[in-house]
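Here's the letter readout for the chains.
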Amino acid sequence: MITALAIVEDDHAVVQAAAADIAAATGMLPIPANAFPCTFFAIALPDRSNSHAMEFGSINEFLDRKIFLVTGATGFIAKIFVEKLFRVQPNLKKLYLLVRANNSESAAGRVKSEIIRLELFDRLRGAWGKDFDSLVSKMIAVAGDSSCANLGIDDPTLREQLWKEIDVVVSVAATTKFYDRYDVAFNTNTLGALHILDFAKKCENLQFLCKWRKGRDYSRENIPNGRELNGTSKLDIEEEKRLINETLEDLVTRQVPQDSIKKIMRELGDQRAKQYGWPNVYVFTKSMGEMLMSQWKGNLPVVVLRPTIVTSTLKEPIPGWIEGIRMIDPFLVAYGKGRLNLLFSKDSSRHSSECANQRPCMALYQIGSSFRNPITIREVFDFSFRYFAEKPWTDIEGKSVIVRRILLLGNSFAFQIISWLIILAIKVLRLMNMASMILFQDFADNLQGKLTTTMKFHGVYGPYLHYDGIFKDDGMEELRVAARRNGVDETTFFLDPKSIDWEDYFLRVHIPGVVRRLF
């Protein structure tokens, strides 16, 4: 029996995270040991209570005349999801898209400019011709905010309409910054999950709620509600909420400047995450949101999808489509422009680490490739070297940038020694500058820039560069087996990471796409 259907696009994210934040400063980003290119999944999620007898109905029939609500609609994942929905089943009845805006007119403007006009929709535009506008008119922009009660939808008439009409809720809303303010991350990722759940419970015809959980779960086992990762103390989500409110109230009472409040709240989030064993506030607040959903879902069918790393599209609707600076792309930009030569990271060592496929009373699917088709950091760097050695980037002065193989250091002592030697070399060059009329200034500045970038990079992404777990995807394998047994079209609904040729993907799809769109 089909109890849930989810269309999942891609490959994702160790945690597609603070890329935008430090891209300008670092010009690079890491890639974990288990990348998975962004291709499109469309999966029917069967009742796993009898997993040995999974049966699929028709995915297209399920989608026919359905009414969806998608939160986080202007995000990368949601855009590809929406395009895929219309391409697979143009007979959708309505697609409500929740976007942050002051009113419905502003929301409609964002949907038109940030979704419909994209190159991503050119395939649909070409197929539908003059009827394309009629097709996308089924997209209805809704001004709101998932961090607020009732999803920030102020109009009571509209809320009632949505509760009566919606069949499926797909939640992709999140703030993915590693070092966001604690209050912002908590309201969006933790309380936002509860707001979405509460809204879904009021939908009279709801068939299921699909929640995206971008990023790795660092637990070695299922974490019961309210439990910490490191075993040091009890995690109380209500206490975290109280702490945030009291801290903000105190800062406002003391008339602390807004810039200082921002800094203090960022530091608080980082401190609380590390206290309970999480590497940053992003995965900490997302995990608490998942705990709340598990605890309060009741009888609502909830599916949580956990993809690993976000990269560009594998092949559809167009190969290599990317938007913004994603997880590994700042690294590629920095490397291709000659700004990155050294990285403190494990090379290819891995160990088996099973990620639970289901929380109590909630279906959870790990979507990744590290178990069935792994790729190491070393291999990604090798592909990058081969590409840019053959097709070097040309800088603003018309000079081709010569790249060298990156030095990967997995030993912290060796990394410290080399870092100290570089610092010493910079100091020597500075002294030489004083005696030679800044003859060595450019070289010293370049060396200093690369070292600063490497250290910032290590400080922010160290937990991911040194995490060598393998995430088993038993739930997805059950779906793959059932899909093949029931004749699901695997060219339309791509499910198998083993079919990905990493060399071809990086050399002919992803890196060219990054160069074309981000350089």
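Our subject is the structure that appears above.
A brief look at the structure comes next. All values reported here derive from a predicted model rather than from experimental measurement.

Observations concerning the overall build of the chain
Thinking step 1. Counting its regular elements, the chain contains 17 helices and 16 strands.
Thinking step 2. Counting only contacts in the chain whose residues sit at least 6 apart along the sequence, the fraction spanning at least 24 positions is 83%.
Thinking step 3. For the chain, the exposed area adds up to about 21500 Å²; of that, 52% sits on carbon and sulfur atoms.

Things to note about the nonpolar core
Thinking step 1. Core analysis: the biggest nonpolar cluster contains 58 residues, and Y182, W278, F284, F331, I406 and F506 have the highest contact counts within it.
Thinking step 2. Breaking this core down by element, the ones donating at least two residues are helix 8 (182-201), helix 9 (237-253), helix 10 (258-275), helix 11 (281-296), helix 12 (329-336), helix 13 (377-390), helix 15 (441-465) and helix 17 (502-518).

Concerning the pairing of strand 5 (residues 94-99)
Thinking step 1. Counting buried positions along strand 5 yields 5 of 6 residues, so the element is predominantly enclosed.
Thinking step 2. Judged from the 4 bridges that link them, strand 4 (residues 67-71) and strand 5 form a sheet pairing that is parallel. Each residue of the ladder has a partner; that of F68, found in strand 5, is L95.
Thinking step 3. What joins strand 4 to strand 5 is helix 3 (residues 76-88), and the crossover it makes is right-handed.
Thinking step 4. Sheet topology places strand 5 next to strand 6 (residues 139-143); 5 bridges connect them, and they run parallel. What sits directly across from V99, in strand 6, is A143.

Description of the packing of helix 12 against helix 13
Thinking step 1. Contact geometry of helix 12 with helix 13 gives a least axis separation of 11 Å together with a crossing angle of 45°. If you check the angle between helix 12 and helix 13, you find them oblique. As for the relative orientation of helix 12 and helix 13, their crossing is right-handed in sense. Side by side, helix 12 and helix 13 meet where F331, L332, Y335 and G336 of the first sit next to V380, F381, S384, F385 and F388 of the second.
Thinking step 2. Its residues assigned to classes, the contact of helix 12 with helix 13 comprises 7 nonpolar, 2 polar and no charged.

Comments concerning helix 10
Thinking step 1. With 18 residues, helix 10 extends 25 Å between its outermost C-alpha atoms, agreeing within 8% with the 26 Å of an ideal straight helix rising 1.5 Å per residue.
Thinking step 2. Where helix 10 is buried, its residues contact helix 8, helix 9 and helix 11.
Thinking step 3. One or two residues past the end of helix 10 sits G277, with phi positive at roughly 100°.

Details of the packing of aromatic side chains
Thinking step 1. Going through the model one piece at a time under the given rule, you end up with 17 aromatic pairs.
Thinking step 2. Ring geometry for Y182 and F284: centres 6.2 Å apart, planes at 20°, overall stacked. Of this pair, Y182 sits in helix 8 while F284 sits in helix 11; the two residues are 102 residues apart in sequence, bridging distant segments of the chain. Each of the two residues, Y182 as well as F284, counts as buried.
Thinking step 3. Aromatic pair Y387 and F388: ring centres 5.2 Å apart, planes at 85°, arrangement edge-to-face.
Thinking step 4. Residue class for Y387 comes out buried when judged on its relative accessible area of 9%.
Thinking step 5. Members of the aromatic cluster, connected to one another through ring pairs, are F331, Y335, F381, Y387, F388, W393 and F519.
Thinking step 6. Above the plane of the ring of F62 lies K66, whose end atom (NZ or CZ) is 4.7 Å from the centre.

Observations concerning a nonpolar patch on the surface
Thinking step 1. A surface patch of nonpolar side chains, about 350 Å² in accessible area, is lined by L421, L424, V428 and M432.
Thinking step 2. Relative to the helices and strands, V428 resides in helix 14 (residues 412-435).
Thinking step 3. With a relative accessible area of 39%, V428 lands in the partly exposed category.

Scoring rules and cut-offs
- Residues numbered from 1 in each chain as written.
- Predicted model: local features only at pLDDT ≥ 70, side-chain atom pairs only at ≥ 80, totals over all residues.
- Heavy atoms only, no water.
- Helix = DSSP H or I, 4+ residues; strand = E, 2+ residues; numbered from the N terminus.
- Contact = heavy atoms within 4.5 Å.
- Areas by Shrake-Rupley, 256 points an atom, 1.4 Å probe, with all protein chains shown as cover.
- Core = buried A, V, L, I, M, F, W, Y, C linked by side-chain atoms within 4.5 Å.
- Buried < 20%, exposed > 50% of the residue type's maximum accessible area, 1.4 Å probe, protein only.
- Pairing = 2+ DSSP bridges.
- Right-handed = clockwise from strand over helix to strand, strands pointing away.
- Axes fitted to C-alpha atoms, helices over the stretch in contact; angles between N-to-C directions.
- Parallel < 35°, antiparallel > 145°, perpendicular 65-115°, else oblique.
- Left-handed = near helix turned anticlockwise from the far one by under 90°.
- Nonpolar A, V, L, I, M, F, W, Y, C, P; charged D, E, K, R; others polar.
- Expected span 1.5 Å × (residues − 1).
- Phe/Tyr/Trp six-rings, centres within 6.5 Å; stacked < 30°, edge-to-face > 60°.
- Lys NZ or Arg CZ within 6 Å of the ring centre and 35° of its normal.
- Patch = residues over 30% accessible without salt bridge, like charges linked within 9 Å, V, L, I, M, F, W, Y side chains within 5 Å.
- Salt bridge = Lys/Arg side-chain N within 4 Å of Asp/Glu carboxyl O.

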